[in-house]
Amino acid sequence: AQKITQTQPGMFVQEKEAVTLDCTYDTSDPSYGLFWYKQPSSGEMIFLIYQGSYDQQNATEGRYSLNFQKARKSANLVISASQLGDSAMYFCAMRETNFGNEKLTFGTGTRLTIIP
Amino acid sequence: DGGITQSPKYLFRKEGQNVTLSCEQNLNHDAMYWYRQDPGQGLRLIYYSQIVNDFQKGDIAEGYSVSREKKESFPLTVTSAQKNPTAFYLCASSPWAGGSWAQYFGPGTRLLVL
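Below you will find a few notes about this structure. (Residues numbered from 1 in each chain as written. Chains lettered and ligands numbered in written order. Predicted model: local features only at pLDDT ≥ 70, side-chain atom pairs only at ≥ 80, totals over all residues. Heavy atoms only, no water.)

1. Re unusual backbone geometry
The omega angle of the peptide bond from Ser-7 of chain B to Pro-8 of chain B is -5°, so this bond is cis rather than trans. Backbone geometry places Ala-81 of chain A, a non-glycine residue, at a positive phi of 45°. Residue classification places Ala-81 of chain A among the partly exposed residues on the basis of a relative accessible area of 40%. Positive phi is not limited to glycine here, since Asn-53 of chain B has a value of about 65°. If you trace the backbone, Asn-53 of chain B turns up in the loop between β5 (43–51) and β6 (54–57). Looking at Asn-53 of chain B, the relative accessible area reads 62%, which means it is exposed. (Buried < 20%, exposed > 50% of the residue type's maximum accessible area, 1.4 Å probe, protein only. Helix = DSSP H or I, 4+ residues; strand = E, 2+ residues; numbered from the N terminus.)

Printed below as a string of C-alpha cells:
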C-alpha cells in the first residue's frame, strides 16, 4: 500500500482564490511527522510546513495551513489567496521513526498552476 | 550565506563509468540525505547519515555508495552497477534526524547517461 497518496496530479486555480491540495497517509507508527514541500521548475525543494502527529492545533505558516484530520489520516495543504508564484509541484511527505531508522516518504506530487 | 550546494548542475556518465556527485552544507547540520527523483515521481531515499563516519541505506541504495568523512560533506557515487542512473539527484540536510526538523534541500544535480 502507498504510504503517501496525493490523488490530484494537476490543478488549475484562479489567482487570489484559495486552494486545497489533498494528502492521505498510511502508518502504524504512533509518532510521525507530516511535511509539505514546494518544487518550482528550477527543481529545488522548498520546505513549507510541518505537522506532528501529537500536535493538537493545525499548523500554519503565513498563507499556508495544514488541515490535519488524524482519524481520517489526512493532511491537506491549504494555500490562501493564491499568487502566480505559487505555480509549482507540491509534495506531501511523512517521517516515521522505525526502530531509530529515520525514513521520509514522499507522495507523487500535485502540479498546481495559478491562472491570472 | 548558509545553505547546501551541489555540484555539478549537470553530469554526463558513460557506460561502465563511476561518477561522484558533490554535496556540501555550511549549516552545521548533523544529518544529511541523498534522494533520487524520476520524472513524474516523488523523491526516493538512497542513503542518509546521522553523524560523521556513519550512514544507512535507504530504499534504493543498490548501485550507489556514499561517505561521510566530514560533517559538512556527503558525496554520492553512482557506480557502474546502477543500470538506470538517469535522474535528478537531490541532497538534503537537517539539524539532526527525527523530530519536527525539516530537511533542507540543495539545488540538485541532473545525471544523464551518454
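Anyway, onward from the coordinates.
2. A short note on the interface of chain B and chain A
In this complex, chain B contributes 25 residues to the contact, which on the side of chain A involves 19 residues. Overall, the association of chain B and chain A removes approximately 1700 Å² of surface from exposure, summing both partners, and the carbon and sulfur fraction of that is 51%. For chain B, the biggest contributors to the area lost against chain A are Leu-43, Gln-103 and Phe-105 of chain B; these three give 24% of the whole. If you look at where chain B meets chain A, you find zero salt bridges. For the interface between chain B and chain A, the tally reads two residue pairs in polar contact (both at pLDDT 80 or more). Of all elements in the fold, only β4 (31–37), β5, β9 (87–94) and β10 (104–105) of chain B reach the threshold of two or more residues within the side of chain B that touches chain A. (Contact = heavy atoms within 4.5 Å. Buried area = accessible area lost by both parts, 1.4 Å probe. Salt bridge = Lys/Arg side-chain N within 4 Å of Asp/Glu carboxyl O. Polar contact = N/O pair within 3.5 Å; in protein donor to acceptor, adjacent residues only side chain to side chain.)

3. Re the layout of surface pockets
Of the volumes computed, that of the largest pocket is approximately 430 Å³. Gln-39 of chain A together with Gln-37, Asp-38, Pro-39 and Gly-40 of chain B are the residues nearest the centre of the largest pocket, which is lined by 23 residues in total. Residue assignment for the lining of the largest pocket shows that the elements contributing at least two residues are β10 (88–98) of chain A together with β9 and β11 (109–113) of chain B. Split by residue class, the lining of the largest pocket holds 10 nonpolar, 10 polar and three charged. There is about 240 Å³ of room inside the second largest pocket. (1 Å grid on protein atoms, 1.4 Å probe; cavity = no way out; pocket = protein on both sides within 12 Å on 5 of 7 lines; lining within 4 Å. Points joined across faces, edges and corners; volume = space filled by probe spheres on them. Nonpolar A, V, L, I, M, F, W, Y, C, P; charged D, E, K, R; others polar.)

4. With respect to the nonpolar core
Residues and elements named next belong to chain A. Judged by nonpolar contacts, the single largest core of 25 residues is most densely connected at Tyr-25, Trp-36, Ile-49, Leu-77, Tyr-90 and Leu-112. Among the secondary structure elements, those contributing two or more residues to this core are β2 (10–14), β3 (19–21), β5 (32–39), β6 (46–52), β8 (64–69), β9 (74–79), β10 and β12 (110–115). Ranked by residues supplied to this core, first place goes to β10 with four residues. (Core = buried A, V, L, I, M, F, W, Y, C linked by side-chain atoms within 4.5 Å.)

5. A few points about the environment of Val-66 of chain B
All names here are of chain B. Along the polypeptide, Val-66 turns up in strand β7 (residues 64–66). Given the relative accessible area of 11%, Val-66 is considered buried. C-alpha of Val-66 to C-alpha of Tyr-47: the two residues are 19 residues apart in sequence and 7.3 Å apart in space. The residues touching Val-66, leaving out its near neighbours within four places in the chain, are Trp-34, Tyr-47, Phe-55, Phe-74, Pro-75 and Leu-76.

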